[in-house]
Amino acid sequence: MSDRLAADGDSTDRARGTAGYARAADALAVQYEEVTFGEVHCDVLGLVPSGPARILDVGAGTGRDAAALVALGHSVVAVEPTTELRVHGQRIHAGSAIDWVDDVLPGLTLNQCPGRFDAVFATGVWMHLNAEERGHAMARIAALLMPGGRFFVNLRHGPVPEGRHMFDVSAAETAELGAAHGLRTVLSSERSDLHGRDGVRWSTLVLQAKNARRALD
């Protein structure tokens, strides 16, 4: 059931998926930084742009991934709607040229950083959106990608921390939704939880937009 609500949330909040993150921000800041970008994204490193690229990190948390991508020579916009996490990120990665933005899916207006991206990351974010929100969000992501651009998605499965707002979203459904918006799946894999939490596993997908040549065919 891809739309089973796994935890209660505040339906009046502009970003229900952020429920629980503000009060846990101090602990999460430590947890997020305990693992590296390379460990989290080991299955997809070969698909990350090799040359300087414009990259969007949605739900950037403390900016661990954003900082690693900047260090690789990319220009990175880090979207994080939870103020407490964003403040931690700006402190931890103060020396990194990350463009921090307070914004949220599915709308993701990006008024401060218009334009399209060579890659979009959404790590531990997608399962916070309900079915309607996921549809709007995928359309928005597809519109933000450059021709040939890639969408990197990490989905969490298993027990949900108390107070979080999550849905049971499968990799298959995510790939199908991407296809409906012109994104083809170029990688799909699963792994155990890097923090060793019982019953928690992760799906990783990379969805790619049509390139310019194919778009004209």
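Draft legend 1. Quick peek at the overall build of the protein chain. The secondary structure content of the protein chain amounts to 7 helices and 7 strands. Each helix and strand of the protein chain, placed in order from N terminus to C terminus, yields the pattern α-α-β-α-β-α-β-β-α-β-α-β-β-α. Taken across its 217 residues, the protein chain has 50% of its residues classed as buried. The long-range fraction of contacts in the protein chain, counting pairs at least 24 apart against all pairs at least 6 apart in sequence, stands at 73%. On the protein chain, roughly 10000 Å² of surface is accessible, and the fraction owed to carbon and sulfur atoms is 50%.

Draft legend 2. View of the environment of Gly 73. Checked against the element boundaries, Gly 73 lands in the loop between helix H3 (64-71) and strand E2 (75-79). Given a relative accessible area of 42%, Gly 73 falls into the partly exposed group. Each C-alpha atom, one on Gly 73 and one on Ser 50, is 9.1 Å from the other, the two residues being 23 residues apart in sequence.

Draft legend 3. Spotlight on helix H5 (residues 131-144). Compared with the 20 Å implied by 1.5 Å per residue over 14 residues, the 20 Å span of H5 between its first and last C-alpha is a close match. Taken residue by residue, H5 has Glu 133, Arg 134, Ala 137, Met 138, Ile 141, Ala 142 and Leu 144 as its buried positions. Angularly, the buried residues of H5 cover 165° about the axis, an arc narrow enough to put them on a single face. Check the buried side of H5 and you find it contacts strand E1 (54-58), strand E4 (117-123), strand E5 (145-157), helix H6 (171-180), strand E6 (183-192) and strand E7 (201-209).

Draft legend 4. How the structure looks around the packing of aromatic side chains. As enumerated under the stated definition, the model contains 3 aromatic pairs in all. Between Phe 121 and Phe 152 the ring centres are 4.4 Å apart and the planes differ by 5°, which places this aromatic pair in the stacked class. Of the two residues, Phe 121 sits in strand E4 while Phe 152 sits in strand E5, which places them 31 residues apart along the sequence. Of the residues examined, Phe 121 reaches a relative accessible area of 0% and is grouped as buried. Residue classification places Phe 152 among the buried positions, given a relative accessible area of 1%. Seen in terms of ring centroids, Trp 126 and Phe 151 are 5.6 Å apart; in terms of plane orientation they differ by 70°. Their pairing is edge-to-face. One end of the pair, Trp 126, is in the loop between E4 and H5; the other, Phe 151, is in strand E5, with 25 residues separating them in the sequence. Aromatic rings pair up to connect Phe 37, Phe 121 and Phe 152 into one cluster.

Draft legend 5. Looking closely at the confidence of the model for the protein chain. Of the residues in the protein chain, 84% reach a pLDDT of 70 or more, and the chain-wide mean stands at 86. Ignoring residues within four places in sequence, the model shows residues 4-14, a span with pLDDT below 50, making 23 contacts including any to other chains.

Definitions and cut-offs
Along each chain, numbering runs from 1 in the same order as the chain's sequence is written. Confidence filtering applies because this is a predicted model: local features only for residues at pLDDT of at least 70, side-chain atom pairs given and counted only at 80 or more, and all residues used for totals across whole chains, interfaces and linings. Hydrogen atoms and water are omitted, and side-chain values are computed over all heavy atoms in the structure. Helix and strand assignments come from DSSP, with helices taken as H or I runs of at least 4 residues and strands as E runs of at least 2, each series counted from the N terminus. Remark: exposure states derive from per-residue accessible area (1.4 Å probe, protein chains only) relative to the maximum for the residue type, with buried under 20%, exposed over 50%, and partly exposed in between. A contact between two residues is defined here by any heavy atoms of the two lying within 4.5 Å. In short, Shrake-Rupley with a 1.4 Å probe defines the accessible areas, and a residue's cover is counted only from the protein chains shown. Between the first and last residue of a helix there are one fewer steps than residues, each counted as 1.5 Å, and that sum is the expected span. Within this analysis, the arc is defined by the directions that extend from the helix axis to the C-beta atoms. Ring geometry is summarised as follows: Phe, Tyr and Trp rings, the Trp one being its six-membered ring, pair when their centres sit within 6.5 Å, and such pairs are stacked at plane angles under 30 degrees, edge-to-face over 60 and tilted between the two. A residue's pLDDT is the confidence the predictor assigns to it, expressed on a 0 to 100 scale.

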